[in-house]
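# Per-entry structural report
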Amino acid sequence: MEQMLGMSTAEELRAIRESCEARRRYAKIQMIALTAMAAVVTLLALFVLPKAAAALAEMEAAAGALASVDVVGMAERVDALVQKGSDSMDEAMRGLETGLADLDRALQVLEGIDLESLNESIASLSAILEPLSRLFGR
């Protein structure tokens, strides 16, 4: 039949057949691509979305926990703790100042002692006690 239609018509038919064959191949490629995309979407829905939902639930729980935190109360307790620490530090400083004052007075007393007179007194006492100790046999 192709010979009857002539050469140009036969070439046109062959071109039409090749065009149809190319369209069929293109349609098959489209089907494969759509199937692959459907598989990816299915895998995404099966594996990623449950994890994302779990993570979202955890975030919601954390947000709820944060919402229930009494920030103002915590700040007030921290302020009270800082004030108590400051008061304790002030008290310790007053005790330290008192101790230093007592130490200063003790040093002044020690500085006021005449060591030469003390040494002479000790020597005199030793001179007196030596004959007494011989007397009692020691």
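Note that the structure is predicted; figures quoted are calculated from it, not measured.

Rules used in this analysis
Residues numbered from 1 in each chain as written. Predicted model: local features only at pLDDT ≥ 70, side-chain atom pairs only at ≥ 80, totals over all residues. Heavy atoms only, no water. Helix = DSSP H or I, 4+ residues; strand = E, 2+ residues; numbered from the N terminus. Rg over C-alpha atoms; globule rule 2.2 N^0.38 Å. Buried < 20%, exposed > 50% of the residue type's maximum accessible area, 1.4 Å probe, protein only. Areas by Shrake-Rupley, 256 points an atom, 1.4 Å probe, with all protein chains shown as cover. Lys, Arg positive; Asp, Glu negative; His and termini not counted. Charge placed at Lys NZ, Arg CZ, Asp CG, Glu CD. Salt bridge = Lys/Arg side-chain N within 4 Å of Asp/Glu carboxyl O. Patch = residues over 30% accessible without salt bridge, like charges linked within 9 Å, V, L, I, M, F, W, Y side chains within 5 Å. Expected span 1.5 Å × (residues − 1). pLDDT = per-residue confidence, 0-100.

On to the overall build of the chain. Helix and strand counts for the chain come out as four helices and zero strands. Ordered by position from the N terminus, the helices and strands of the chain form the series α-α-α-α. Over its C-alpha atoms the chain spans a radius of gyration of 54 Å, topping by over 25% the 14 Å that the globule rule assigns to 138 residues. Relative to its full complement of 138 residues, the chain shows a buried share of 1%. Total accessible area computed for the chain in this model is approximately 12,400 Å², and 67% of it derives from carbon and sulfur atoms. The centroid of the 13 positive side-chain charges in the chain is displaced by 22 Å from the centroid of its 21 negative side-chain charges.

What follows deals with the pattern of salt bridges. Scanning the entire structure with this criterion turns up three salt bridges. Between R24 and E21 there is a salt bridge whose closest N-O contact spans 2.7 Å. Here R24 and its partner E21 are both found in helix 2 (residues 7-68), three residues apart, which amounts to about one turn of the helix. The exposure class assigned to R24 is partly exposed, which follows from its relative accessible area of 48%. Close ionic contact of E130 with R134 constitutes a salt bridge, the shortest N to O distance being 3.6 Å.

Taken together, the side chains of M89, M93, L96, L100, L103, L107, L110, I113, L115, L118 and I122 define a hydrophobic patch exposed on the protein surface, amounting to about 1,100 Å² of accessible area. Of all elements in the fold, only helix 3 (71-112) and helix 4 (115-135) reach the threshold of two or more residues within the nonpolar patch. The element that contributes the greatest number of residues to the nonpolar patch is helix 3, accounting for seven residues. Here L96 is to be found in helix 3. Under the relative-accessibility criterion, L96 is labelled partly exposed at 48%.

Within the element layout of this structure, Q83 appears in helix 3. Spatially, the C-alpha atom of Q83 lies 71 Å from that of L135, the residues being 52 residues apart in sequence.

Spanning 21 residues, helix 4 covers 30 Å between terminal C-alpha atoms, matching the ideal 30 Å at 1.5 Å per step. Downstream of helix 4 by one or two residues, G137 has phi in the positive range, about 85°.

This paragraph deals with the environment of S8. When you line up the elements, S8 lands in helix 2. Taking the C-alpha atoms as reference, S8 lies 63 Å from K51; in sequence the two are 43 residues apart.

Of all residues in the chain, 94% have pLDDT values of 70 or greater, and the mean over the chain is 84. At the low end of the mean pLDDT range in the chain sits helix 1 (residues 2-5), at 50; at the high end sits helix 2, at 88.

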